[in-house]
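# Fold and contact review
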Amino acid sequence: MLKRILAGGLTAALAFSLLTSCDAPALDSSAPDTYEAKVPTAAQEDVDSYLTDGAISCADTVMTINGTDVPASAYFYWLSYYASYLEYYYQSSGGEDFSLSDQYDEDTTYADYVQEQTENTLISSVVATQKAQEEKVELSEDAQTNLDNMEENADPNTLLYYATDLDGLKFTFTNYSYSDALQTALFEKGGKYYANKETLQDYYDDNVFGAKHILIQTSGMSDEEKAEAKKTIQGYLDKILASDDQASTFDQYMNEHSEDSGLAQYPDGYTFMSGDMVSEFEDAVAALKVGEITPEVVESSYGYHIIMRIEPDPEEIDDETLKERYQEDTYSGLLDEWTQSAEISTSDALEKLDTNAFYDKLSSLQDIINAITEAENAANAASSAAASQQSAQ
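Please read all numbers here as calculations on a predicted model, not as lab measurements. Along every chain, residues carry numbers that run from 1 in the direction the sequence is written. Per-residue local features are limited, in this predicted model, to residues with pLDDT of at least 70; the limit for side-chain atom pairs, both in listing and counting, is 80 or more; totals at the level of whole chains, interfaces and linings are taken over all residues. To obtain the side-chain values, all non-hydrogen atoms of the structure were used and water was disregarded.

### A word on the overall build of the protein chain
- Secondary structure summary: the protein chain contains 17 helices and 9 strands in total.
- Buried residues in the protein chain amount to 42% of all 393 residues.
- Of note, the protein chain has its 20 positive side-chain charges centred 8 Å away from the centre of its 76 negative side-chain charges. A run of DSSP states H or I qualifies as a helix once it reaches four residues; a run of E qualifies as a strand once it reaches two. Both are numbered from the N-terminal end. A simple rule labels every residue: compare its accessible area, found with a 1.4 Å probe on the protein chains alone, to the largest value its type can have, and call it buried under 20%, exposed over 50%, or partly exposed in between. The charge count treats Lys and Arg as positive and Asp and Glu as negative. His and the chain ends do not count. Each charge is placed at NZ for Lys, CZ for Arg, CG for Asp and CD for Glu.

Encoded structure:
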């Protein structure tokens, strides 16, 4: 789930809009100390040097991708963006204290995951830019105008909030713009991967599935309880497979025993696309023909399943959704192909970076910026209220 949420692409557009339309007050070192919170001078001078205790400066090259140097300010922008989003996602899902040192999975910490996402995003965006320039793809007029006006429009406080500077922002938005222009060129009418009716039908046949299932949930169960649950659902499967009318028997057990919370809303089963379901479920469905039932119980993170493949409902997937997913998956496949052969190196300083310490210090800086913003907003609101009251007298 997180990988789909954090995949690059449109997040760059969102992030750019944050950087250019934030309501945070611009920094002015000559202004009087109106607010108790104050951004450290060292952070204003070079935010990445401040956050890494002098180990890495904004202009330092931290990665090289097929000969393109990646400045630290671009790297740390994505690192801070992903870390901040992960913390938000974690807390909105009911978590309390978030730390990048916590485990994302058995073998990976959140810090490792964030660095992986950061580097993958940079590699994909830089390689896409290189490919676009090879193909003589030009930026749109709007994208070029945004780049030309970036120095005037970028908000200094928000640059600091995302651990970047103007050069880092330009680098990030330039790569996003070329990637966007490349996708347009590839998928527009006349483009190499334009989605005509035949192309979309082939994609539908290969990537749209229908299934219904019987589920026994195992979340929170002990090993003994899980063993008992598997024994129970295996009994269901044995009786279904032994039946002269497997489909009817399947439906009977599904309606009487399935613990799927979506059964009431989808009594006739699910229509879904590749990547929508957990891999164990999808793989089991893909191995079946329509009308077949899994010969063995399938285990996923949700529990134990008996699955029947059915015909997908074409009304559940509209043409626009199908086209968007075709373009998304095709472009993702192209990026995988292009990046596999990319020559990539990282700096020694980056290899030694303490991501947890970096983010802890960034979080403190973000708290200061938030406090300044709140104080500025409160002062503006008070001033507006006073002006309204005076005009009413």
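Following the structure, the description resumes.
### Examining the nonpolar core
- Side-chain atoms within 4.5 Å are what join buried Ala, Val, Leu, Ile, Met, Phe, Trp, Tyr and Cys residues into a set we call a nonpolar core. Core analysis: the largest hydrophobic core is formed by 76 residues, its most contacted members being Met63, Phe76 and Leu122.
- With 11 residues, helix α5 (residues 72-92) is the largest single contributor of residues to this core.
- When checking whether two residues touch, look at their non-hydrogen atoms; a contact exists if any pair is within 4.5 Å. Not counting residues up to four positions away in its chain, the partners in contact with Leu122 are Met63, Ile65, Val70, Ala74, Tyr75, Trp78 and Phe171.
- Counting residues in each nonpolar core, the second largest holds 17 residues, with Ile216, Tyr253, Ile293 and Tyr304 among its members.

### Some points on the sheet that holds strand β8 (residues 303-310)
- The strand order β6-β5-β8-β7 describes an open sheet built from 4 strands, whose pairing is antiparallel. Each having just a single partner strand, β6 (270-273) and β7 (298-299) make up the two edges of the open sheet.
- Angles here are taken between N-to-C directions and fall from 0 to 180 degrees, while the axes themselves are lines fitted to C-alpha atoms, restricted in helices to the stretch in contact. Against the sheet, helix α11 (residues 197-207) contacts β5 (208-217) and β6, and its axis sits at roughly 20° relative to β5. Two strands pair if DSSP finds at least two bridges between them.

### A word on the sheet that holds strand β2 (residues 68-71)
- One open sheet holds the 3 strands; their spatial order is β2-β1-β9, and the pairing between them is antiparallel. Looking at which strands have only one partner, the edges of the open sheet turn out to be β2 and β9 (344-346). The average undirected angle you get between the axes of adjacent strands in this sheet is 20°.
- As paired elements, strand β1 (residues 61-65) and β2 share 4 bridges and run antiparallel to each other. Within β2, the residue paired with Ile65 across the bridge is Thr68.
- Taken strand by strand, α5 contacts β1 and β2, and its axis lies near 60° from that of β2.
- The sheet strands contacting helix α6 (residues 110-134) are β1, β2 and β9, and the helix crosses β1 at an angle near 50°.

### Quick look at a negative patch on the surface
- Patch definition: residues with relative accessible area over 30% and no salt bridge; like charges joined within 9 Å; nonpolar side chains (Val, Leu, Ile, Met, Phe, Trp, Tyr) joined within 5 Å. Only the protein chains shown count as cover for residues, and the accessible areas themselves come from Shrake-Rupley with a 1.4 Å probe. Counted as salt bridges are all cases of a side-chain nitrogen of Lys or Arg within 4 Å of a carboxyl oxygen of Asp or Glu. The grouping of Glu198, Asp202, Asp205 and Asp206 at the surface amounts to a negative patch.
- Here Asp205 shows up in helix α11.

### Thoughts on the side chain of Ser300
- Tracing the sequence through the fold places Ser300 in the loop between β7 and β8.
- Among the residues examined, Ser300 registers a relative accessible area of 9% and is labelled buried.
- The definition of a polar contact used here is a pair of N or O atoms within 3.5 Å, where within protein one atom must be able to donate a hydrogen and the other to accept one, and adjacent residues in sequence count solely through side-chain atom pairs. A polar atom in the side chain of Ser300 sits 3.1 Å from the backbone nitrogen of Tyr302.
- With near-sequence residues (within four places) excluded, Ser300 lies in contact with Val278, Glu280 and His305.

So, to be careful, I would describe these as geometric facts and stop short of saying anything about function.
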